[in-house]
Amino acid sequence: MRPSTPTTPQTPEPPQPGPQEILLRAEHISKRFGITQALDDVSVSFRKGEVHALMGENGAGKSTLGKVIAGLHRADTGTVTILDPTGAPRVLRPGSIDDAFDAGVRLVHQELAQCPNLSVAENLSLHDIPTTRLGLVDRRAMNDRAARLVHKLDPGIDVETPLGRLAPGRRQICQIAAALDDDRAAGKAGARVIVLDEPTSSLSIAEADRLLEITRRLAAEGITIIYVSHRMGEIFAVCDRVTVLRDGRYIATSVVAAIDEPTLVEQMIGRRLQAPGPRSNPPASTAAGNENESAALRELAGGPGRSRSAGEALLEVRDLNSPGRLRGISLQVRAGEIVGLGGLVGSGRSEVLDAVFALDRRASGDVRVAGRAVNLASPGARGGPISCGVGYVPEDRRLQGLFFQLGCDENIVTPVMPRLARMLGIRSAAHERAVVDERLREFQVKCSSPAALPGSLSGGNQQKLLIARWMGKSSRVLLLDEPTRGIDVGTKSEIYRLVRAAAESGAAVLLVSSEMPELLALSDRILVMCEGRITGELTGAEMTQANILRLATIESKAGRSAAG
């Protein structure tokens, strides 16, 4: 049960400017899903042309509020009011996507809702395919309209290219471009409010910076951006104000330039992690804010200055190769050690984990766990990674990780079912139930029952469920690929401590993270990759963002120099 009052006093929203500066108001919004009170009397106002962040832990209600504003959810109580182009207030019809769209409110979902086999132009026209007088598809009109929208944001995108061939950053740009459709001839109003839900969660640093630049440009044109993100660096880089929700309740709205990371984290999770310090001007890009964020994440992970001493080499990889993916990868991870894999998107980091876990059938090389050779035929083969004590948390929990048709209990016991079975392979319900209860309790997975489907859990609890599957006593080596992608700072804190605890109990951890602060905060040492090779190792004071980026681009620079 949620406490009847928040753990810290609610802070009233700061005094607002004149009504002419407020474009949209969400007032006294409440929304319940079954027994869960997702929003509880929340009131927030949004100014014209500002980037306004919504922050909070998973389940805090920020995405629900965005969907209520966009008409995707119908609020139980409360109103959403927007000024029409003449300045007159217009109350949006609750739960009406069409009414919100007609008023200029757009929602860009976190998950890319696109058809990768179709062209960019075809994707942008799925809702309204232009036709000729003969009823045939008017491809010229379709391409022209798509180009008009997409080239506002990125002139380098060819709208006739299949969407699946574009990098994730450009695919996200196309999704935002679709929200800008202002074909008034067809009776469509232009976008005036855009809700961006975790727009950079799967992007590289360069792609994220480009998207932040586009966000600021849209705001400068007078569009109000409601920005949902868990990345602190982005909030301080691009946002004007930030509103924090916790347990479905409004906590505070602050001017970003007047607040620091520790105070913001305290508002989100209800406890202080470190003493606040004065904050200078907001950084100009996500990269510029990473050093401050790394310090905050070290506090979340249990503080700096770990004194673990690494033990025997548990994971040994020698001359691991995969055509077009990996070239001569050799590494070692000792018991009690967290080794980070750094590099840019496409450098081969995830491919290393896939190969070690026998998911890459073309990979060759020698992988050993505690001196024992691992059979790379398949993860569950005799003598394969699972039987050798290797656990793998993949990058995409939806497509690669969880079984959404099975309950939480089945998801947890799947890898260890053979070891829990009785004679003749008959499943032992009692043994399985004991393991499930222990894991759900230890990893604090919040679910209505052990048999609940993963789809009923918040993103953070889904991630903890996936980690609970692999982070058991039988896992001696943990392969973690983006273990905190798309989850809030409070759940990150829990996962960081679980990873630290696993290492301290003697596991060897190989970690991939595109969030530079996270990589720096968790790793004992970092191996940097570029174009399928390890280009360097960083330890101690050498572990900085500048050094990681230098090694992550060293091979590309060499290639350009040779070509010149």
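In this convention, every chain numbers its residues from 1, walking through the sequence in written order. Local features in this predicted model are restricted to residues whose pLDDT is 70 or higher, and side-chain atom pairs enter the listing and the counts only when it is 80 or higher, whereas totals over whole chains, interfaces and linings include all residues. Values shown for side chains rest on all heavy atoms present in the structure; no hydrogens or waters enter the calculation.

1. Focus on the overall build of the protein
Under the DSSP-based scheme used, a helix requires at least four consecutive residues in state H or I and a strand at least two consecutive residues in state E, with every element numbered from the N terminus. The helix and strand tally for the protein stands at 19 helices and 20 strands. Using a 1.4 Å probe, the Shrake-Rupley method yields the accessible areas, and only the shown protein chains count as cover for residues. Here the protein has roughly 24300 Å² of accessible surface; of this, 51% comes from carbon and sulfur atoms.

2. A few points about the pairing of strand S17 (residues 477-481)
Only protein chains enter the accessibility calculation, which uses a 1.4 Å probe. A residue is then buried if its area is under 20% of the maximum for its type, exposed if over 50%, and partly exposed in between. Summarising burial for S17: five of the five residues are buried, a large majority. Burial along S17 is two-sided: Val477, Leu479 and Asp481 facing one way and Leu478 and Leu480 facing the other are all buried. In this scheme, strands are said to pair when DSSP sees at least two bridges between them. Pairing analysis gives four bridges linking strand S16 (residues 390-393) to S17, with the strands arranged parallel. Counterpart to glycine 391 in the pairing with S17 is leucine 478. Here S17 pairs with strand S18 (residues 508-512) via five bridges, running parallel. Looking at S18, one finds that leucine 479 is bridged to leucine 510.

3. Observations regarding unusual backbone geometry
Backbone geometry places aspartate 247, a non-glycine residue, at a positive phi of 55 degrees. With respect to the helices and strands, the residue aspartate 247 is situated in the loop between strand S9 (241-246) and strand S10 (249-255). The exposure class assigned to aspartate 247 is partly exposed, which follows from its relative accessible area of 38%.

4. Quick word on a nonpolar patch on the surface
A cluster of nonpolar side chains, Met423, Leu424 and Ile426, forms an exposed patch at the surface whose accessible area comes to about 410 Å². With respect to the helices and strands, the residue methionine 423 is situated in the loop between helix H13 (417-420) and helix H14 (429-442). Patch membership requires over 30% relative accessible area and the absence of a salt bridge. Like charges are linked within 9 Å, and nonpolar side chains (Val, Leu, Ile, Met, Phe, Trp, Tyr) within 5 Å. Salt bridges are defined as contacts in which a side-chain nitrogen from Lys or Arg sits within 4 Å of a carboxyl oxygen from Asp or Glu.

5. Overview of the layout of surface pockets
If you add up the space inside the second largest pocket, you get close to 640 Å³. If you go around the second largest pocket, you meet 21 residues; those closest to its centre are Phe101, Leu107, His109, Ala178 and Ala179. At the level of elements, helix H2 (97-102), strand S6 (105-108), helix H3 (120-124) and helix H5 (168-179) are the ones that each hand at least two residues to the lining of the second largest pocket. The residue makeup of the lining of the second largest pocket, split by class, is 14 nonpolar, five polar and two charged. As defined here, a cavity is a set of points on a 1 Å grid over the protein atoms alone where a 1.4 Å probe fits but cannot get out. A pocket is an open set with protein on both sides within 12 Å along at least five of seven lines, and residues line them when an atom is within 4 Å of a point. Grid points are joined across faces, edges and corners, and a volume is the space filled by probe spheres set on the points. Throughout, the ten residues Ala, Val, Leu, Ile, Met, Phe, Trp, Tyr, Cys and Pro are labelled nonpolar, Asp, Glu, Lys and Arg are labelled charged, and all others, Gly among them, are labelled polar.

6. What to know about the confidence of the model for the protein
What pLDDT reports is the predictor's confidence in each residue, on a scale of 0 through 100. When pLDDT is averaged along the protein, the result is 80; 83% of the residues meet or exceed 70. Note on definitions: a residue-residue contact is assigned when non-hydrogen atoms from the two residues lie within 4.5 Å. In this model residues 1-20 is a low-confidence stretch, pLDDT under 50, and it forms 35 contacts with partners more than four residues away in sequence or in other chains. Throughout residues 556-564 the model reports pLDDT below 50, and contacts reaching past four residues in sequence, or to other chains, amount to two contacts.

7. Considering the pattern of salt bridges
If you walk through the whole model with that rule in mind, you get 16 salt bridges. Between arginine 368 and aspartate 366 there is a salt bridge, and its shortest N-O distance comes to 3.0 Å. Ionic pairing is found between arginine 427 and glutamate 410, a salt bridge with its closest N-O pair at 3.2 Å. Note that arginine 427 is positioned in the loop between H13 and H14 and glutamate 410 in helix H12 (residues 408-413), a separation of 17 residues in sequence. Note on arginine 427: relative accessible area 40%, which makes it partly exposed. In this structure, a network of salt bridges that share partners links the residues Arg90, Arg93, Asp99 and Asp102.

8. Considerations on the sheet that holds S9
Spatial ordering of the open sheet is given by S6-S7-S8-S3-S9-S10, a layout of six strands whose pairing is mixed. Bordering the open sheet on either side are S6 and S10, each of which pairs with just one other strand. On average, each strand axis in the sheet is inclined to that of its neighbour by 20 degrees, with strand direction left out of account. Here four bridges tie S6 to strand S7 (residues 193-197), and the two strands are oriented parallel to one another. Looking at the pairing, valine 105 lines up with valine 193 of S7. The angle between two axes is taken between their N-to-C directions and runs from 0 to 180 degrees, where each axis is a line fitted to C-alpha atoms and a helix contributes only its stretch in contact. Together, strand S3 (51-55), S9 and S10 form the strand contacts of helix H8 (residues 261-269), whose direction differs from that of S9 by roughly 30 degrees.

9. Examining the sheet that holds strand S15 (residues 372-373)
Spatial strand order, S12-S11-S14-S15: four strands in an open sheet with antiparallel pairing. In the strand order of this sheet, the two ends are held by strand S12 (326-334) and S15, each with one partner. Judged from the five bridges that link them, strand S11 (residues 313-322) and strand S14 (residues 364-369) form a sheet pairing that is antiparallel. By the bridge assignment, leucine 315 is partnered in S14 with valine 369.

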